[in-house]
Amino acid sequence: MKKSVLLALLISAVLQLSAQHKLIEGNMSPEVKGSATTGHLFLVVKEYQELNQKSKKKVNKAGPMTYLDLPLDATNVSLSGNLFTTKLICFQGENVKWTKDIGMTNTSFPTGIATDTDGNVYTGEKNADGESISLYKFNKEGEELWSAKFDSLYTLHEIFVNEDENLTTLVSFTYSEKIESGNTYSYKEKFIYETLTVNRNSGKRMAKESNQGPSYYCGIGFSNPTLQTHRINYFFLGDTLVYSRNDTLKMLTVSMEELADHDIIDVIGEESAYIVLCQNRETGNYKLLINRWAEGSELEKIIKLSISPHAKIVKLMKNELNGVSIFYTQNNQLKMLKVSNSLEIINDNNTLTKASVFEFISDIIIDSNGGITLVGLNAVNGLRTIFLKEI
């Protein structure tokens, strides 16, 4: 091989690594939640603890099953015991500025996180007693500005910064119901959801609204991602939306005829309607549906998308046109399909970057200036490394 070719390959490799910044290494779960302000990026990650004090060699597949034996993209996993440490990481430029350990849980899915325009970050986690959660506010220097404990709660799903001086948080607690069937039995976990309105200057609870949510069988489970939008707050389980509007928690089972034989992939909403991204179970084809919130309303529009059935959806987000952008991977490329607020496709299959530099894309974060950061994960010798890549 000629020296010029070798030099070109070396330069290409250096440029690729320089644009892909290593964030943290450990036994990380693939799920990441992030929020960005000007000059700072905040991530919440979960680190699996069982192997921390052991050799960093590859996990022995002949031994007992551990979390790391699961596929790299196994999401929302529950284990027996609090084996996941929740870490809050502040990333500035190409460097980790500070990290905080904010709790331990038995689930791999990260807790809620949000930032305000002053550069402060809000997050929280279940406490060691297992029967309460704590919320925290940190400034961009890592100083804790306040913490607030709320009893009889197990999970902090989402945090949203309101336009006034408050936060809206979606939280829940559970109880188990024994289901007997002949000589066998199983347990069904029932969720009670609450929205807490919290003053973001003091952490004081201002209001609470409760509702009973959907249920599912406990154990190691996989589910769709938690949903986020600016003004209507969603949490999605199965075919049920749990959402908060005007400090009122509501339930909506999505059972439109047009969704028959489809799996719901993601949902995003606005004040008057919600948009559903779904996939046909038989053909694999994707489509967008829009429906109004008003009771008894009919479907507004269906859009068939030119996304391959073999593509993997990464994220559905609101865009600057008050429409939605769909990020997905296909043929080792990260692509974006942009839809306007009138649900017209205006940017079809725009390739953003090669996706093959990551084994798993954890999140896509857009800052206030429109900058896009890709959070990815690779696994080597039993360890998982989180990277950032600006695109």
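Residues numbered from 1 in each chain as written. Predicted model: local features only at pLDDT ≥ 70, side-chain atom pairs only at ≥ 80, totals over all residues. Heavy atoms only, no water.

## A word on the overall build of the protein chain
Helix and strand counts for the protein chain come out as 1 helix and 27 strands. Residues classed as buried in the protein chain amount to 50% of the 391 residues present. When contacts within the protein chain are restricted to residue pairs at least 6 apart in sequence, those whose partners lie at least 24 apart make up 47%. Surface exposure of the protein chain reaches about 19,300 Å², of which carbon and sulfur atoms provide 46%. (Helix = DSSP H or I, 4+ residues; strand = E, 2+ residues; numbered from the N terminus. Buried < 20%, exposed > 50% of the residue type's maximum accessible area, 1.4 Å probe, protein only. Contact = heavy atoms within 4.5 Å. Areas by Shrake-Rupley, 256 points an atom, 1.4 Å probe, with all protein chains shown as cover.)

## Description of the sheet that holds strand β3 (residues 40-48)
With respect to topology, 4 strands assemble into an open sheet ordered β2-β3-β4-β5, the strand pairing being antiparallel. Each having just a single partner strand, β2 (28-37) and β5 (95-105) make up the two edges of the open sheet. Recorded for the sheet is a direction-independent mean angle of 20 degrees between the axes of neighbouring strands. Relative to strand β4 (residues 84-92), β3 runs antiparallel, the two sharing 8 bridges. Of the residues in β4, the one forming a bridge with Lys46 is Thr86. (Pairing = 2+ DSSP bridges. Axes fitted to C-alpha atoms, helices over the stretch in contact; angles between N-to-C directions.)

## Notes on the pattern of salt bridges
Taken as a whole, this structure holds 10 salt bridges when the rule is applied. Here Lys33 and Glu158 are joined by a salt bridge, their closest N and O atoms 3.2 Å apart. Of the two residues, Lys33 sits in strand β2 while Glu158 sits in strand β10 (residues 155-161), which places them 125 residues apart along the sequence. This pair shows no difference in class: Lys33 is buried, exactly as Glu158 is. Of the charged contacts, one joins Lys208 and Glu194 as a salt bridge, the two residues approaching to 3.9 Å between their closest N and O atoms. Here the residue Lys208 occupies a position in strand β13 (residues 205-217), and Glu194 occupies one in strand β12 (residues 184-199), the gap between them amounting to 14 residues. (Salt bridge = Lys/Arg side-chain N within 4 Å of Asp/Glu carboxyl O.)

## Quick notes on unusual backbone geometry
One non-glycine residue, Ser152, lies in the positive phi region at around 60 degrees. Mapping Ser152 onto the fold places it in the loop between β9 (144-151) and β10. Although it is not a glycine, Asn331 adopts a positive phi angle of roughly 55 degrees. In this fold, Asn331 is placed in the loop between β22 (324-330) and β23 (333-339). On the basis of relative accessible area, Asn331 is assigned to the exposed category, the value being 65%.

## Brief notes about the pairing of β5
Note that β4 and β5 share 9 bridges and pair antiparallel. From the neighbouring strand, Cys90 faces β5, where its bridge partner is Trp98. What sits between the antiparallel neighbours β4 and β5 is a turn of 2 residues, in which Gly93 has the positive phi angle 60 degrees.

## Digging into the confidence of the model for the protein chain
Low pLDDT means the predicted coordinates in that region are not meant to be read closely. Scored by pLDDT, the protein chain has a mean of 76; 73% of the residues are at 70 or more. This model gives residues 1-18 a pLDDT under 50, and the stretch forms 3 contacts once residues within four places in sequence are excluded. Within the model, the stretch residues 214-231 combines pLDDT values under 50 with 61 contacts to residues more than four positions away or in other chains. (pLDDT = per-residue confidence, 0-100.)

## Quick look at the environment of Asp73
Its location among the elements puts Asp73 in the loop between β3 and β4. For the pair formed by Asp73 and Glu359, sequence separation is 286 residues and the distance between their alpha carbons is 8.6 Å. In this view, Asp73 contacts Pro30, Lys312 and Phe360; residues no more than four positions away in its chain are not counted.

## Notes on the packing of aromatic side chains
In this structure the tally under the stated criterion is 6 aromatic pairs. Taking the centre distance of 5.6 Å and the plane angle of 50 degrees together, the rings of Tyr48 and Phe84 count as tilted. On the criterion of sequence distance, the pair formed by Tyr48 in strand β3 and Phe84 in strand β4 is long-range, its members being 36 residues apart. A single burial state applies to Tyr48 and to Phe84, both of which are buried. Ring geometry for Phe358 versus Phe387: centroids 6.4 Å apart, planes at 40 degrees, classification tilted. (Phe/Tyr/Trp six-rings, centres within 6.5 Å; stacked < 30°, edge-to-face > 60°.)

## Observations regarding the side chain of His157
Summarising the element assignment, His157 is placed in strand β10. In this structure the side chain of His157 is engaged in a polar contact, spanning 2.8 Å, whose partner is the side chain of Ser172. (Polar contact = N/O pair within 3.5 Å; in protein donor to acceptor, adjacent residues only side chain to side chain.)

## Structural notes on the sheet that holds strand β8 (residues 132-138)
If you walk across this open sheet you meet the 4 strands as β6-β7-β8-β9, and the pairing is antiparallel. Bordering the open sheet on either side are β6 (113-115) and β9, each of which pairs with just one other strand. On average, adjacent strands in this sheet sit at an angle of 20 degrees to one another, irrespective of strand direction. With 3 bridges joining them, β6 and strand β7 (residues 121-126) adopt antiparallel strand pairing. Across the sheet, Thr115 pairs through a bridge with Val121, a residue of β7.

## What about the pairing of β23?
Across the 7 residues that make up β23, a large majority, 6, are buried. The sheet contact formed by β22 and β23 spans 7 bridges and is antiparallel. Looking across to β23, one finds that Val324 is bridged to Val339. With antiparallel pairing between neighbouring strands as the criterion, β22 and β23 make up a hairpin whose turn holds 2 residues, including Asn331 at a positive phi of roughly 55 degrees.

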